[in-house]
Amino acid sequence: MRSLLSRLFWLLSCLTAPAWAQQDPQMDLPRITLQAGMHLIHTQVALTPEQRAIGLMHRPEMPVNEGMLFVFEEPAVQCFWMKNTLLPLTAAFIADDGSIVNLADMKPQTLDSHCSTKPVRYVLEMNQGWFAKRGLVAGTRLAGSPFGGRR
């Protein structure tokens, strides 16, 4: 009887576990292409609270020009951490017009909070160093459908 109860408890805990407890990276999100000057950025788009909570967790690698764009309903100070994220990333906090508000380098598997310096609706995560290697800094404007199309 005890074994049956422990199995039922285990099954219930699996069924009610939060989405961010999953162990597989999410790879099937919608994709769009953004542009930073002459550089194309192929992004997965995290639109729902569940998709945003999972983000790039458990991903062992990411192609050089690929990233994830987090889209929020309203501008707010957005804060990110790296729990269960294996890759060093840079977060670009982006205003509605596509301009980068600030950048934050984030270490893998840490709980340090990295926040936008003003309210934003968009956060783009790329491999750490991607923005710096291309000379992209705060004030740089990205183009693409979320920001009113191409420039």
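Caption draft 1: View of the pairing of strand 2 (residues 39-46). Bridge count between strand 1 (residues 31-36) and strand 2: 6 bridges; the pairing is antiparallel. Looking at the pairing, Leu34 lines up with Ile41 of strand 2. Between strand 1 and the antiparallel strand that follows it, strand 2, lie 2 residues; Gly37 among them carries a positive phi value of about 65 degrees. Where strand 2 and strand 3 (residues 66-76) come together, 5 bridges link them in parallel fashion. For Val45, the partnering residue across the bridge sits in strand 3 and is Leu69.

Caption draft 2: Quick peek at the nonpolar core. Formed by 19 residues in total, the largest nonpolar core has its most connected members in Met68, Phe70, Phe80, Leu89, Phe93, Met106 and Val123. Mapped by element, the contributors of at least two residues to this core are strand 3, strand 5 (89-94), strand 6 (100-106) and strand 8 (120-127). Beyond its immediate sequence surroundings of up to four residues, Met68 is in contact with Gln26, Leu29, Gln44, Ala46, Gly55, Leu56, Arg59, Val123, Leu124 and Glu125. Listed in part, the 17 residues of the second largest apolar core include Ala92, Ile94, Met126 and Leu142.

Caption draft 3: Representation of the state of the cysteines in the model. In total, this model carries 1 disulfide according to the counting rule given. The disulfide bridge from Cys79 ends at Cys115, spanning 1.9 Å between sulfur atoms. Classification of the bridge connecting Cys79 and Cys115 rests on its S-S torsion, roughly 110 degrees, and on that basis the disulfide is right-handed. Of this pair, Cys79 sits in strand 4 (residues 79-80) while Cys115 sits in strand 7 (residues 114-115); the two residues are 36 residues apart in sequence, bridging distant segments of the chain. Cys79 sits in the partly exposed class, given a relative accessible area of 41%.

Caption draft 4: The arrangement of unusual backbone geometry in detail. Unlike most non-glycine residues, Asn84 shows phi in positive territory, near 60 degrees. Here Asn84 is to be found in the loop between strand 4 and strand 5. Take Asn84: its relative accessible area is 26%, and that puts it in the partly exposed class. For Gln109, which is not a glycine, the phi torsion comes out positive at approximately 55 degrees. Counting through the fold element by element, Gln109 comes out in the loop between strand 6 and strand 7.

Caption draft 5: Main features of the packing of aromatic side chains. Under the definition given, this model contains 5 aromatic pairs. Taking 6.2 Å as the distance between ring centres and 75 degrees as the angle between the ring planes, the aromatic pair formed by Phe80 and Phe93 counts as edge-to-face. Here Phe80, found in strand 4, pairs with Phe93, found in strand 5; they are 13 residues apart in sequence, far enough to count as distant. Look at Phe80 and you get buried, because its relative accessible area is 10%. Ring geometry for Tyr122 and Phe147: centres 5.0 Å apart, planes at 80 degrees, overall edge-to-face. In this pair, Tyr122 is assigned in strand 8 and Phe147 in the segment after helix 3 (130-133), connecting sequence segments 25 residues apart. Classification of Phe147 as buried rests on a relative accessible area of 10%. Chaining the aromatic ring pairs together yields one cluster made of Phe70, Phe72, Phe80 and Phe93.

Rules used in this analysis
Residues numbered from 1 in each chain as written. Predicted model: local features only at pLDDT ≥ 70, side-chain atom pairs only at ≥ 80, totals over all residues. Heavy atoms only, no water. Pairing = 2+ DSSP bridges. Helix = DSSP H or I, 4+ residues; strand = E, 2+ residues; numbered from the N terminus. Core = buried A, V, L, I, M, F, W, Y, C linked by side-chain atoms within 4.5 Å. Buried < 20%, exposed > 50% of the residue type's maximum accessible area, 1.4 Å probe, protein only. Contact = heavy atoms within 4.5 Å. Disulfide = S-S within 2.5 Å. Phe/Tyr/Trp six-rings, centres within 6.5 Å; stacked < 30°, edge-to-face > 60°.

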